[in-house]
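Summary of the model geometry
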Amino acid sequence: RYILNIYKSKGNILKKNFVIVRRNFLFGFTTFCLLPKTILAKQNNDALKRHFLGSNNAPIKIKEYFSLTCGHCANFHNNTLPKFKKKYIDTGKVQLEFVDYPLDRLAIIAAALARTIPTEKGYIEAIAILLKKQKQWAYSKKPIVELQSISKLFGISSKNFDTTIQNVPLMQKIVNKMEKETKSFNIESTPTFIINNKHKISGALTFEEFEKKLLELTEYKNS
């Protein structure tokens, strides 16, 4: 939980700490959740598919980089996103893409769980539940037990839960993608939003603050 503790005390996550996640993921994961020595071979080919809210024809495309153990991310999803969705996404002005950017091993497990749900909207519904109930599991003394309990809310059986938290190849893919995104957009903290692949907004912002920055960057005339 080293990186999670840094995040809670500093309010962000530095790039040098990302290296710790990447380097220690495979070496330290066994001690975290008692994985077996054998690596699971079977994977869902669609596990890393992209997930969006909003129309493909929206003039503004936003990528959100978030971690399921990030308190600022939970604040955005629980307080800012509902208002933003109603005003900009549901009206066809913005399309929002969710990009996993887990800051610690627990967040990687949670992201893997969300990505194993087979239904089209399962991933988005799962991350909404996980962020709404973040304090229940991410700050628990027994986070895996709490995470398993919550995962039942989005249809993951005990057997599937055990299989997923042992799926090192899937989790490694999530970490690899995170590393690639870091190089592409210089992501340094969560939540970070990339606007039309050109502009960046970072931090825990209210709806009004987020809207103001978005309109300034895109020169979008709000109707």
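Summary of the structure given here.

The subject of this paragraph is the overall build of the protein chain. Of the regular secondary structure elements, the protein chain holds 10 helices and five strands. Out of the 223 residues belonging to the protein chain, those deemed buried represent 47%. Put simply, 75% of the contacts in the protein chain that link residues at least 6 apart link residues at least 24 apart. Entry remark: accessible area of the protein chain is about 11,600 Å², with carbon and sulfur atoms responsible for 52%.

The packing of two helices is summarised by the inter-axis angle and the distance between the axes. Running from N to C, helix α4 (residues 105-115) and helix α9 (residues 168-185) cross one another at 110 degrees; their axes reach a closest spacing of 10 Å. Comparing their axes, α9 and α4 come out roughly perpendicular. For the pair formed by α4 and α9, the contact residues are Ile 108, Ile 109, Ala 111, Ala 112 and Arg 115 on the first element and Leu 170, Met 171, Ile 174 and Val 175 on the second. Residues that form the contact of α4 with α9 fall into these classes: eight nonpolar, no polar and one charged.

A few words now on the pairing of strand β3 (residues 94-100). Summarising burial for β3: seven of the seven residues are buried, a large majority. In this structure, strand β1 (residues 51-53) lies alongside β3, joined through three bridges in antiparallel fashion. Counted as the bridge partner of His 51 is Phe 98 from β3. As paired elements, strand β2 (residues 60-66) and β3 share seven bridges and run parallel to each other. Residue pairing across strands places Ile 62 opposite Leu 96, the latter belonging to β3.

By the secondary structure assignment, Lys 132 is in helix α5 (residues 122-132). Through-space distance from the C-alpha of Lys 132 to that of Ala 74 is 6.6 Å; in sequence the pair is 58 residues apart.

What follows concerns the pairing of strand β5 (residues 199-202). Examined bridge by bridge, strand β4 (residues 192-195) and β5 share four bridges and lie antiparallel to one another. Following the sheet pairing, Ile 195 is matched in β5 by His 199. Linking two consecutive strands that pair antiparallel, namely β4 and β5, is a turn of three residues; a positive phi of about 50 degrees is found at Asn 196 within it.

Attention now moves to the nonpolar core. In this structure, Ile 62, Leu 68, Phe 84, Phe 98, Trp 137 and Leu 147 are the most contacted members of the largest nonpolar core, which totals 59 residues. A per-element tally of this core places α4 first, with eight residues. Not counting chain neighbours up to four residues away, the residues in contact with Leu 68 comprise Ala 107, Ala 110, Ala 111, Ile 127, Leu 130, Leu 131, Gln 134 and Trp 137.

Our focus in this paragraph is the environment of Leu 48. With respect to the element layout, Leu 48 can be found in the loop between α2 (15-33) and β1. Along the backbone, Leu 48 and Leu 170 are 122 residues apart, and their C-alpha atoms lie at a distance of 8.4 Å. For Leu 48, the contacting residues outside a window of four places in its chain are Arg 115, Leu 170, Lys 173 and Ile 174.

Parameters and conventions
Residues numbered from 1 in each chain as written. Predicted model: local features only at pLDDT ≥ 70, side-chain atom pairs only at ≥ 80, totals over all residues. Heavy atoms only, no water. Helix = DSSP H or I, 4+ residues; strand = E, 2+ residues; numbered from the N terminus. Buried < 20%, exposed > 50% of the residue type's maximum accessible area, 1.4 Å probe, protein only. Contact = heavy atoms within 4.5 Å. Areas by Shrake-Rupley, 256 points an atom, 1.4 Å probe, with all protein chains shown as cover. Axes fitted to C-alpha atoms, helices over the stretch in contact; angles between N-to-C directions. Parallel < 35°, antiparallel > 145°, perpendicular 65-115°, else oblique. Nonpolar A, V, L, I, M, F, W, Y, C, P; charged D, E, K, R; others polar. Pairing = 2+ DSSP bridges. Core = buried A, V, L, I, M, F, W, Y, C linked by side-chain atoms within 4.5 Å.

Shape is all these values report; function is a separate question.
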